[in-house]
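If you want the building blocks of each chain, they are given just below.
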Amino acid sequence: MKLSYLMKTTAIALALTATAAQAEVKFGSLYPFSGQLALLGEESARGLELAVEEINAAGGIQGEQITLVRGDAVDNNQAIGEARRLTSLEGVKAIFGTYSSARSIAASQVTELAGIPYFELGAVAEEVTGRGMKYLFRTNPTADDMAKMIIQMVVEKVGPGLGKEPADLKIAIIHEDSSYGTSVAERQNAYAKEAGLSIVTTQAYPAAIVDMSSLVLDLKNREVDIVLQTSYQNDSVLFLQQANEAGYKPSAIIGGGGGYSMQPTADAVGHDVIEGVLDVDFTQYTVNTSYTPGLEQFVEAYQKKYGSAPRSGHSLNNYVGAKVILEALGKASDLEPDTIVDTVKAIDIEAGVTAAGYGFKFGDDNQNERAEMMGMQWQDGKLVTVFPDSAAMTPIKLGE
Amino acid sequence: MNTFLQVLTNGIMLGSLFAIVAVGLTLIFGIVKVVNFAHGEFLMVGMYLTYVLTTWMGIHPFATVILVAPALFLLGAVTQRFLIQPLMSADDDHIQIFATVGLSTALINLALLVFGADIASTPASGLRTPLQLGPVRLLSGQVAILVASIAVVVVLQFFLSRTQTGRAIRAVAQNRAAAQLMGINVNWIYILTFGIGAACVGVASVLIAPLYPTSSGIGTYFVLTAFVVVVLGGLGSIGGAFAGAMIIGLIDSFAGFYIGSDLREVAVFGVFLLILILKPSGLFSSRLNLSHVSP
């Protein structure tokens, strides 16, 4: 009796002094914070940090404040090393990460063996969840979702918008030749076949390409109507510029994430050249917020903490994934690994109520089956959401 | 036919792009005998300099060459004097290679630190304007690269064959010990050559910056091809580098169109291997290659 009273008062006193000497629970924040991937790694981590801050302000989880311990996954080896440090030395209850698929695949092997839950909030490669792991969950949409959304957009919007039957459209798939571009292209081909579209050519090129003029010429000669490109930034810029300079104007260009969503790409290519170009990626910021409640508050909190607008959609998607997981854990009985797994498996959130729009429900392979990408279009130098209709800001614009 | 001409033009333009990058490398590779793995990063530094000067001072990218080329000369000379030269007497030549690899990594991360991971676009200043010449289309900036690469090759050839310093450079390349005995200051020649090689990269970066967005990794886009070009043309042969670049550019362009873009590298490296098997010293190797027997 006396003891519990004492504990209560100390808890209140500590909460008042706000220096969290109160019971705390540690989670790992594993991202590439330095090296080539640092920019978007840091951007992703900010989403997680904002989610944790929000949860802490609302009382933490199970009455405990969350402390994030950072691990720098600068390359695959270091990702493994940092995952080891976080699980064994720091004693984190779970790890959140990782932005890069390769780092995620490497680091999650350590946590799986240690029996520590690992929440992937941003890596897109299929292999992340395709390995039968018990403690690994992924909240974000994948490369497969990207391909599916692109083909869906062609069938439902671009084809009708151009006044053509889907089967009459000449479609070309071009992609950078690493596992990312190749896997998206494979799935695009599969979904296109399902939808009865005709793919006239599929062409791979190395991401570090310096000249795409022969590729452009080939597409031009084949009179391709729709080009689907899966690429990084430099090759996106190169293709859009060289197509424009060769006087090649397909009815639609649809990019897959990466370079196509970034403002510097539009600035490099020129706003008049990129006008009308379509893109499928994670949820971005110019979106119908009735479908993404909480997005404005997120942007506000981001502005306040980091002094600028979010630099890409990565922070938003990491924020939403982390928030959903942490809120669920807050209602669990304890933070034992198996409790966490059961709690997360029980999550059931419909689309249209999270700040990223998509819902949450984990399948047998621990992939969030309701995760979806969105279709965007460059209009007047800005990337606006145009697909699906529930999330669209403005209608899609096609033709001259 | 029109398509064929366009593919041919694209190949020549790509070839001149490779040529302007490779000329400096062949000088350093052939004369100082250092495999400079930081060559691509020199290009990256030059492109960032062009970007900064162009956006801050609002001048035409080509005008920045009066600052960029000397700056790169200095970078090259300093690299030779303070990084390579102390290692020249090392037991194992390969240590110099590792030094340049280290320099390359350091420069990439320095660029990440200063400019971040975003791309930096130098204003195109009208260099991305397509020109229609009969049936073919090309960019004014590409024509500039072609003209400049020919000019650089001619000037360097003249310098190496007609001036006293140029002769000294060739003498050092042929036989370092003999050149030293003839009273040539070999260390100074190395510093000068490295500087000139880097300055050529400076010229290249001024020409390339308006056409390609600059990023910390941009050097890696060009450097492998530059090495292929240099080996194909014969180490230290300026004209050979130009010819090698044209061959690679044309194969790349034709293979990319007629075979498929995923197989263009197979074609490029296939031909490269074939030429090396038939003529191991490169297409245009001169007596310079005797230098390999020198200590």
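The rules we used
- Residues numbered from 1 in each chain as written.
- Chains lettered and ligands numbered in written order.
- Predicted model: local features only at pLDDT ≥ 70, side-chain atom pairs only at ≥ 80, totals over all residues.
- Heavy atoms only, no water.
- UniProt positions renumbered as here; feature names shortened; annotations may be inferred.
- Helix = DSSP H or I, 4+ residues; strand = E, 2+ residues; numbered from the N terminus.
- Contact = heavy atoms within 4.5 Å.
- Buried area = accessible area lost by both parts, 1.4 Å probe.
- Salt bridge = Lys/Arg side-chain N within 4 Å of Asp/Glu carboxyl O.
- Polar contact = N/O pair within 3.5 Å; in protein donor to acceptor, adjacent residues only side chain to side chain.
- Nonpolar A, V, L, I, M, F, W, Y, C, P; charged D, E, K, R; others polar.
- Domains from an automatic or database assignment.
- Buried < 20%, exposed > 50% of the residue type's maximum accessible area, 1.4 Å probe, protein only.
- pLDDT = per-residue confidence, 0-100.
- Axes fitted to C-alpha atoms, helices over the stretch in contact; angles between N-to-C directions.
- Parallel < 35°, antiparallel > 145°, perpendicular 65-115°, else oblique.
- Left-handed = near helix turned anticlockwise from the far one by under 90°.
- Pairing = 2+ DSSP bridges.
- Right-handed = clockwise from strand over helix to strand, strands pointing away.

- Per an unreviewed UniProt entry, chain B goes by Inner-membrane translocator and derives from Pseudorhizobium banfieldiae.
- Listed under Subcellular location (unreviewed entry) in UniProt, the entry text for chain B is "Cell membrane".
- If you open the UniProt record of chain B and go to Sequence similarities (unreviewed entry), you find "Belongs to the binding-protein-dependent transport system permease family. LivHM subfamily."

1. A few points about the environment of Thr165 of chain B
All names here are of chain B.
No. 1: The topology assignment puts Thr165 in helix H6 (residues 164-174).
No. 2: Expressed as a C-alpha distance, the spacing of Thr165 and Asn10, which sit 155 residues apart in the sequence, is 37 Å.
No. 3: The residues touching Thr165, leaving out its near neighbours within four places in the chain, are Phe159, Trp188, Ile189 and Leu192.

2. What about the interface of chain B and chain A?
No. 1: At the interface, 33 residues of chain B touch 30 residues of chain A.
No. 2: Buried surface at the junction of chain B and chain A, summed over both partners, amounts to about 2,600 Å²; 54% is from carbon and sulfur atoms.
No. 3: It is Ile119, Tyr221 and Phe257 of chain B in chain B that bury the most area against chain A; as a group they hold 22% of the surface buried on that side.
No. 4: The closest approach of N and O atoms between Glu245 of chain A and Arg128 of chain B, which form a salt bridge, is 2.3 Å.
No. 5: Taken together, the connections running from chain B to chain A amount to twelve residue pairs in polar contact (both at pLDDT 80 or more).
No. 6: The biggest single contributor to the side of chain B that touches chain A is helix H1 (residues 2-32) of chain B, with seven residues.
No. 7: Broken down by class, the residue content of the side of chain B that touches chain A amounts to 16 nonpolar, ten polar and seven charged.

3. Brief notes about the domain arrangement of chain A
Residue and element names in this part refer to chain A.
No. 1: Domain parsing of chain A yields domain 1 (2-141 + 291-369) and domain 2 (144-281 + 375-391).
No. 2: The distance between the C-alpha centroids of domain 1 and domain 2 comes to 33 Å.
No. 3: Across the boundary between the two partners, domain 1 contributes five residues, which contact six residues of domain 2.
No. 4: Summed over both partners, the interface of domain 1 with domain 2 buries about 570 Å², with 66% contributed by carbon and sulfur atoms.
No. 5: Sorting the residues of domain 1 by area buried against domain 2 places Glu126, Pro141 and Tyr291 first, and these three jointly supply 64% of that buried surface.
No. 6: Connecting domain 1 to domain 2 are zero salt bridges.
No. 7: Taken together, the connections running from domain 1 to domain 2 amount to one residue pair in polar contact (both at pLDDT 80 or more).

4. Here's the deal with the pattern of salt bridges
A pair can form between side chains of opposite charge whenever their charged atoms are brought close.
All names here are of chain A.
No. 1: Following the criterion strictly, the structure yields 19 salt bridges over all chains and no others.
No. 2: Glu49 is the partner of Arg70 in a salt bridge, and the nearest nitrogen-oxygen pair spans 2.9 Å. Of this pair, Arg70 sits in strand S2 (residues 65-72) while Glu49 sits in helix H2 (residues 38-57), and the two are 21 residues apart along the sequence.
No. 3: Here Asp389 and Lys157 are joined by a salt bridge, their closest N and O atoms 3.0 Å apart. With Asp389 in the segment after strand S12 (382-387) and Lys157 in helix H5 (residues 143-162), this residue pair connects regions lying 232 residues apart in the sequence.
No. 4: A relative accessible area of 52% places Asp389 in the exposed class.
No. 5: Judged by its relative accessible area of 22%, Lys157 falls in the partly exposed class.
No. 6: In this structure, a network of salt bridges that share partners links the residues Lys26, Glu82, Arg85 and Glu90.

5. Some thoughts on the confidence of the model for chain B
No. 1: The pLDDT averaged across chain B works out to 90; a share of 96% of its residues lies at or above 70.
No. 2: Within the model, the stretch residues 287-295 of chain B combines pLDDT values under 50 with 16 contacts to residues more than four positions away or in other chains.

6. Here's the deal with the packing of helix H7 (residues 213-221) of chain A against H1 of chain B
No. 1: At a minimum axis distance of 10 Å, the contact between H7 of chain A and H1 of chain B shows a crossing angle of 165°. Classified by the interaxial angle, the pair formed by H7 of chain A and H1 of chain B is roughly antiparallel. Crossing of H7 of chain A over H1 of chain B shows right-handed handedness. Packed against H7 of chain A, whose contacting residues are Ser213, Ser214, Leu217 and Asn221 of chain A, the element H1 of chain B presents Thr3, Gln6, Val7 and Asn10 of chain B at the interface.
No. 2: A class-by-class count of the residues in the contact of H7 of chain A with H1 of chain B yields two nonpolar, six polar and no charged.

7. Some points on the pairing of S2 of chain A
Residue and element names in this part refer to chain A.
No. 1: Pairing of strand S1 (residues 24-31) with S2 involves eight bridges; the strand directions are parallel. Residue Ser29 lies in a different strand from S2, and its bridge partner there is Arg70.
No. 2: The parallel pair S1 and S2 is bridged by H2, and the resulting crossover is right-handed.

8. Considerations on the sheet that holds S2 of chain A
One key point about sheets: their strands pair by backbone hydrogen bonds, in either a parallel or an antiparallel sense.
Residues and elements named next belong to chain A.
No. 1: Spatially, the five strands line up as an open sheet ordered S2-S1-S3-S4-S5, and their pairing is parallel. Edge strands, defined here as strands with exactly one partner in the open sheet, are S2 and strand S5 (136-138). For this sheet, the mean inter-axis angle between neighbouring strands, taken without regard to orientation, is 25°.
No. 2: Here strand S3 (residues 95-97) pairs with strand S4 (residues 118-120) via three bridges, running parallel. Opposite Ile95, over in S4, you have Tyr118 as the bridge partner.
No. 3: Most of the contacts of helix H3 (residues 76-89) go to S2, to which it runs at about 150°, and overall it touches S1, S2 and S3.
No. 4: Lying over the sheet, helix H4 (residues 101-114) contacts S1, S3, S4 and S5, oriented at roughly 160° with respect to S4.

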